[in-house]
Amino acid sequence: MIHQEQILQKTKDFVKIRLQNDASGHDWWHIYRVWKVSLLLAKEENANLFVVQLAALLHDIADWKFTGGDDQMGIAISDEWLSSLGVENDIKQHVCRIISDISYKGAGVATPMKSIEGMVVQDADRLDAMGAIGIARAFAYGGSKGREMHHPDSKPLIHETFEAYKKNQGTTINHFYEKLFLLRDRMNTKTAANLAKKRHKLMEDFITQFMLEWEGTT
Ligand code: ADP
Ligand code: NI
């Protein structure tokens, strides 16, 4: 097996090229942020840094939102990529398991992670959907899908299945109630739960101000 640092560098280059033209909030810089925050959390939580970094780098390599709903493609690509680098089987399986379990699947769907490494990467991914960056990503995603920002008659939905969540066509403001405001209380690690508080508050203030401006009341 080639050295871990080389594997990480090659994986970074691979992901950068694959995600370079994305304008939906899943670009390389999302991966960069998730990678950095994952490292920070992993050190606090004593998680395996190699597994955490590989999973952070590969977690959105083929997101189901851009594969026509196929949520297995990312796992297949990651498996093939890690095999081509000669990564040991147990590490490869661990990374692929994290990629398979990580994503948000609707308000009513539990998404438990099976290892501390998975918990760390899921927390880092979810932190990047919150706060200032989270707000920006939500509108970037909504715009890329041609969604309305807001419609006063359109109410948020509580999705009880992943299938229902996948079919969702709602406004970007509804997405705050369908996902973003629920993330703070779903953090796996204490470190991430603390970081989530500030980001949650910022989103609350943003929505309050958005609604005031919507009605021209301030
Ligand atoms: P992550 O990359 O954190 O797993 P997702 O892949 O679910 O998150 O979504 C990527 C970004 O796009 C996130 O910031 C997310 O909140 C946003 N997003 C996903 N679905 C919607 C939606 N229906 N409307 C607005 N933003 C969305
Ligand atoms: Ni992500």
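Refer to the structure above for everything that follows.
Quantities reported herein were computed from a predicted structural model and do not represent experimental measurements. (Residues numbered from 1 in each chain as written. Chains lettered and ligands numbered in written order. Predicted model: local features only at pLDDT ≥ 70, side-chain atom pairs only at ≥ 80, totals over all residues. Heavy atoms only, no water.)

Concerning the packing of helix H7 (residues 131-144) against helix H10 (residues 190-214)
Thinking step 1. One can describe the packing of H7 onto H10 by two numbers: an axis separation of 8 Å at closest approach and a directional angle of 50°. What the angle tells us is that H7 and H10 run oblique. Along the contact surface, H7 presents Gly131, Ala132, Ile135 and Phe139, while H10 presents Arg199, Leu202, Met203, Phe206 and Phe210.
Thinking step 2. Partitioning the contact of H7 with H10 into residue classes produces seven nonpolar, one polar and one charged. (Axes fitted to C-alpha atoms, helices over the stretch in contact; angles between N-to-C directions. Helix = DSSP H or I, 4+ residues; strand = E, 2+ residues; numbered from the N terminus. Parallel < 35°, antiparallel > 145°, perpendicular 65-115°, else oblique. Contact = heavy atoms within 4.5 Å. Nonpolar A, V, L, I, M, F, W, Y, C, P; charged D, E, K, R; others polar.)

Some details on the packing of helix H2 (residues 28-45) against H10
The angle between the axes and the distance between the axes are what describe a pair of packed helices.
Thinking step 1. Look at H2 against H10: their axes get within 9 Å of each other, and the N-to-C directions meet at 135°. Comparing their axes, H10 and H2 come out oblique. Facing H2, whose interface residues are Leu40, Leu41, Glu44 and Glu45, H10 presents Lys190, Thr191, Ala192 and Leu195.
Thinking step 2. Each residue belonging to the contact of H2 with H10 can be placed in one class, and the counts come to four nonpolar, one polar and three charged.

Section: the coordination of the nickel ion (ligand 2)
Thinking step 1. Only His30 (NE2), His59 (NE2), Asp60 (OD) and Asp125 (OD) from the protein coordinate the nickel ion (ligand 2), and they sit 2.1 to 2.2 Å from it.
Thinking step 2. Between the donor residues of the nickel ion (ligand 2), the gaps in sequence give the motif H-x28-H-D-x64-D. With His30 in helix H2 and Asp125 in helix H6 (residues 116-127), the pair connects residues that are 95 residues apart, well separated along the chain.
Thinking step 3. Since its relative accessible area comes to 0%, His30 is described here as buried.
Thinking step 4. A residue is classified by how much of its surface remains accessible, and Asp125, at 14% relative accessible area, is buried. (Donors = N, O, S within 2.8 Å, 3.2 Å for Na, K, Ca; no water. Buried < 20%, exposed > 50% of the residue type's maximum accessible area, 1.4 Å probe, protein only.)

Here's the deal with helix H3 (residues 49-58)
Thinking step 1. The buried fraction of H3 is high, at nine of 10 residues.
Thinking step 2. Among the residues of H3, those classed as buried are Phe50, Val51, Val52, Gln53, Leu54, Ala55, Ala56, Leu57 and Leu58.
Thinking step 3. Tucked into the core, H3 has its buried residues touching helix H1 (4-19), H2, helix H4 (73-84), helix H5 (89-101) and H6.
Thinking step 4. At the N-terminal boundary of H3, the capping side chain belongs to Asn48, with an oxygen 2.9 Å from the backbone nitrogen of Phe50. (Polar contact = N/O pair within 3.5 Å; in protein donor to acceptor, adjacent residues only side chain to side chain.)

Thoughts on the packing of aromatic side chains
Thinking step 1. Tallied over the entire structure, the rule returns 13 aromatic pairs.
Thinking step 2. Pairing Trp29 with Tyr32 gives two aromatic rings, centres 5.1 Å apart and planes at 80°, and the pair type is edge-to-face. Pair noted here: Trp29 and Tyr32 are both in helix H2, with a separation of three residues, about one helical turn.
Thinking step 3. The class for Trp29 is exposed, based on a relative accessible area of 51%.
Thinking step 4. Each ring, one from Tyr32 and one from Trp35, has its centre 6.3 Å from the other, and the planes form 45°; the classification is tilted. Highlighted residues: Tyr32 and Trp35, both in helix H2, separated by three residues, approximately one helical turn.
Thinking step 5. When its relative accessible area of 29% is taken as the criterion, Tyr32 is described as partly exposed.
Thinking step 6. Judged by its relative accessible area of 15%, Trp35 falls in the buried class.
Thinking step 7. An aromatic cluster is defined as three or more aromatic residues linked by ring pairs; in this entry it consists of Phe139, Phe176, Tyr177, Phe181, Phe206, Phe210 and Trp214.
Thinking step 8. Lying over the aromatic face of Phe162, Lys105 brings its terminal NZ or CZ to 5.5 Å of the ring centre. (Phe/Tyr/Trp six-rings, centres within 6.5 Å; stacked < 30°, edge-to-face > 60°. Lys NZ or Arg CZ within 6 Å of the ring centre and 35° of its normal.)

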